[in-house]
Amino acid sequence: MEQQKKVAFYTLGCKLNFSETSTIARNFQDEGFERVDFEDVADIYVINTCSVTDNADKQFKQVIKKALKLNEKAFVAAVGCYAQLKPEELAAVDGVDLVLGATEKFKITDYINDLSKNDLGEVHSCEIEEADFYVGSYSIGDRTRAFLKVQDGCDYKCTYCTIPLARGISRSDTMANVLQNAAEIAKQGIKEIVLTGVNIGDYGKGEFGNKKHEHTFLELVQALDQVEGIERLRISSIEPNLLKNETIEFVAQSRTFVPHFHIPLQSGSNAILKKMKRRYMRELYSERVATIREVMPHACIGVDVIVGFPGETDEHFLETYHFLNELDISYLHVFTYSERDNTEAALMDGVVPNNVRAKRSKMLRGLSVKKRRAFYESQLGTTRTVLFEGENKEGYIYGFTENYVKVKTPWNPELVNTLHEVQLTHIDEDGGVRIAFVNVPV
């Protein structure tokens, strides 16, 4: 009998990529492959790539090396955003046998024939206009939470971004499908679902990207709140102009949605927001934060911000810094601007020197540490519910409260994937929040 072929996966980039990797992995398992860890010897290694940061390009090469060290005869396939944008470049990397673009990645098993190594990577990537159908996916199996994809692609034309080139037009899963996936996840004992997409607030544009909205994002949230067996639902990143007050108000009184929002700002300077072609001004952003604070004072609010965008002067940067410093937010994700081919921003004047970009990034990261610390301190003494994760990290188990405070307590395997009411007592020297159980776990 022929031995079962083994396949391993490595995901670079966002939560959406994680959910799609899981779907691709299930396709392999349906075809009779055995899924193994990336650290194990496999016949096929599939790398789901990212195009958002410079680092992702470098990481890709390191991951390939790692795979071939485990098995030099392994068949290596690259899929995902970077594979769609720069297929030839990836195909030329030593050891890559197959590169699949945005629509082909979900049919990967059709392209893998005899698993013999190719001298040069074979490329199958569509014109991105053809990426107009929707493939639903969710990730499961290795975590206490699942990422559920509800939307793909983006119709926005932000001047720094390659995502529309890599993922195509905005299109959504059907409501019935999302609810069915959520129910399947709940049946597997997973306690938390994170909704993901490229631009999830745009949910409702038809499966083929047609502009008619079948449902709004608010209707999706309301329907998911009714799914039996899910303890927690979390909205991942959502554009400030699409996070409507009705959604904020619904989350505040919902059964399962947690008080945690991640809202991209990108710049606190209106002049730079205009150059980025963002669809709001900073005043709208302040209003959203104020609305959240009014109905959920304890909510966690995360912010994406880009430093070093072309034309960002010291004054513009300080505007961003002061704006964020005064805003009642909980943490920042700081991105250093990096040029991307085929974007408007790459051709703009006023290029900010790399050392200045690095300095600005460091300042905002410092601000983020301060904000997170202040947020954690504001939560001490409160009673929250923690979902514990599955790893023993140096004798401790970690978990997150509903409002995204990271807590730690001595390792106890029985706590894995369970929810407990705790009181947040103090912050220890490594920044983790320590707890006291309200009902001591048996």
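Higher on the page you've got the structure.
The text that follows walks through the structure, step by step, so that each part is easy to find.

What counts and what doesn't
Residues numbered from 1 in each chain as written. Predicted model: local features only at pLDDT ≥ 70, side-chain atom pairs only at ≥ 80, totals over all residues. Heavy atoms only, no water. Core = buried A, V, L, I, M, F, W, Y, C linked by side-chain atoms within 4.5 Å. Buried < 20%, exposed > 50% of the residue type's maximum accessible area, 1.4 Å probe, protein only. Contact = heavy atoms within 4.5 Å. Axes fitted to C-alpha atoms, helices over the stretch in contact; angles between N-to-C directions. Helix = DSSP H or I, 4+ residues; strand = E, 2+ residues; numbered from the N terminus. Parallel < 35°, antiparallel > 145°, perpendicular 65-115°, else oblique. Left-handed = near helix turned anticlockwise from the far one by under 90°. Nonpolar A, V, L, I, M, F, W, Y, C, P; charged D, E, K, R; others polar. Expected span 1.5 Å × (residues − 1). Arc of directions from axis to C-beta. Phe/Tyr/Trp six-rings, centres within 6.5 Å; stacked < 30°, edge-to-face > 60°. Lys NZ or Arg CZ within 6 Å of the ring centre and 35° of its normal.

## Focus: the nonpolar core
In terms of nonpolar packing, the biggest core is built from 52 residues, with L148, L224, I292, L324 and L364 touching the most fellow members. If we ignore the near neighbours within four places in the chain, the residues touching I292 are L243, I248, F261, I263, P297, A299 and I301. Within the second largest apolar cluster, 23 residues are counted, among which are C50, V63, A83 and V99.

## A short note on the packing of helix α8 (residues 217–224) against helix α9 (residues 245–253)
For the pair α8 and α9, interaxial distance at closest approach is 9 Å and the crossing angle is 10°. Judged on the interaxial angle alone, α9 and α8 are roughly parallel. α9 is crossed by α8, and the crossing has left-handed handedness. Packed against α8, whose contacting residues are F217, L218, V221 and Q222, the element α9 presents E246, T247 and F250 at the interface. Residues that form the contact of α8 with α9 fall into these classes: four nonpolar, two polar and one charged.

## Some details on the side chain of T109
Position of T109 among the secondary structure elements: in helix α5 (residues 108–111). Judged by its relative accessible area of 17%, T109 is buried. What T109 contacts, discounting residues up to four positions off in sequence, is N27, F28 and E31.

## What about helix α12 (residues 314–326)?
The first and last C-alpha atoms of α12 sit 18 Å apart over 13 residues, in line with the 18 Å expected at 1.5 Å per residue. Of the positions making up α12, those classed as buried are H316, F317, T320, Y321, F323 and L324. Taken end-on, α12 shows its buried residues confined to a sector of 165°, consistent with a single buried face. In α12, the exposed positions angled more than 90 degrees off the buried face are occupied by E315 and E326. Against the buried residues of α12 lie β12 (260–266), α10 (270–276), α11 (282–295), β13 (300–307), β14 (331–336) and α13 (354–379).

## Some points on the packing of aromatic side chains
Under the criterion given, the structure shown has 12 aromatic pairs. With a centroid separation of 6.3 Å and an interplanar angle of 45°, the aromatic rings of F375 and Y376 are classed as tilted. Of the two residues, F375 and Y376, neither departs from the other in class, the shared state being buried. A connected cluster of aromatic rings, assembled from ring pairs, spans F9, F28 and F33. A cation over a ring is seen here: K393 above Y398, with NZ or CZ 5.6 Å from the ring centre. Of note, K406 hangs over the ring of Y398, and the distance from its end group to the ring centre comes to 5.1 Å.

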